[in-house]
Amino acid sequence: MHSTSVLILVGILGVALGALLAFLAVRGRSGVDRTQELEARLHEANKKLEDFQLQVNEHFDQTSQLVHNLTESYREVHEYLANSAMRLSNQDIGRQMLEAGSGKLSDNDENLKTVTPPRDWAPKEPGAKGTLAEDFGLDKEPTERPEPAVNR
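All residue numbers refer to position in the chain's written sequence, counted from 1. In view of the model being predicted, local features appear only for residues whose pLDDT reaches at least 70, and side-chain atom pairs are presented and counted only at 80 or more, with totals across whole chains, interfaces and linings using the full set of residues. Based on all heavy atoms of the structure, the side-chain values leave hydrogens and waters out of the count.

Only runs of H or I of at least four residues qualify as helices and only runs of E of at least two qualify as strands under DSSP, and these elements are numbered from the N terminus. A count of helical and extended segments in the protein chain gives three helices and zero strands. Starting at the N terminus, the α and β elements of the protein chain follow one another as α-α-α. Accessible surface is estimated by sampling points in the Shrake-Rupley manner with a 1.4 Å probe; for residues, cover comes only from the protein chains shown. Counting only carbon and sulfur atoms, one obtains 59% of the accessible surface of the protein chain, whose full area is about 14,600 Å².

So this is what it looks like as structure tokens:
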């Protein structure tokens, strides 16, 4: 009878040990699967990021080319209008249009020579603070503040 008890005890210990080993094997394998899944997702995210960056670069390249084309078209239209103005009307008007299109401003425009920047930030008296000073309009000493109401 003693040998039967030992046999049963050994059987129970064998089943428990087998269950523990099976649990550890499945747990270890799922960790490897999880790691592989995360690596695959990381690789996919990196590929999407690279694709997006490529699309952004292509977008800005095309935008730059389109803006360049637009600028050239504008210049051509402006030159056409200036040449037409020279042929069809007063040549001074056409010359002014050509100069304006090239970025030059006429030197004989008196309005441009007399323009001065606004002076609303300038002090009124020597040594006084201007309106853009950080402490302009602030009192040097704080005025009396009313006492806070007490909640009852």
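This next bit is on the pattern of salt bridges. The term salt bridge refers to a side-chain nitrogen of Lys or Arg lying within 4 Å of a carboxyl oxygen of Asp or Glu. If you walk through the whole model with that rule in mind, you get five salt bridges. A salt bridge links Glu-44 to Lys-48; the nearest nitrogen and oxygen atoms lie 3.5 Å apart. Here Lys-48 and Glu-44 lie together in helix H1 (residues 2–88), a separation of four residues that amounts to about one turn. Throughout this description, buried means an accessible area under 20% of the type-specific maximum (1.4 Å probe, protein chains only), exposed means over 50%, and partly exposed covers the range between. What makes Glu-44 partly exposed here is its relative accessible area of 45%. On the basis of relative accessibility, which here comes to 55%, the residue Lys-48 falls in the exposed class. Note that Lys-47 is salt-bridged to Asp-51, the shortest N-O span being 3.9 Å. Taken together, the residues Lys-47 and Asp-51, both in helix H1 and four residues apart, mark about one turn of the helix.

Take a nonpolar patch on the surface next. Each patch is assembled from residues with relative accessible area greater than 30% and no salt bridge, linking like charges that lie within 9 Å and nonpolar side chains (Val, Leu, Ile, Met, Phe, Trp, Tyr) that lie within 5 Å. A cluster of nonpolar side chains, contributed by Leu-17, Leu-20, Leu-21, Phe-23 and Leu-24, occupies part of the molecular surface with about 520 Å² of accessible area. Residue placement: Leu-20 occurs in helix H1.

Per-residue confidence from the predictor is given as pLDDT, running between 0 and 100. Per-residue confidence for the protein chain gives a mean pLDDT of 77, with 61% of residues at or over 70. The least confident element of the protein chain is helix H3 (residues 110–113), whose mean pLDDT is 56; the most confident is H1, at 87.

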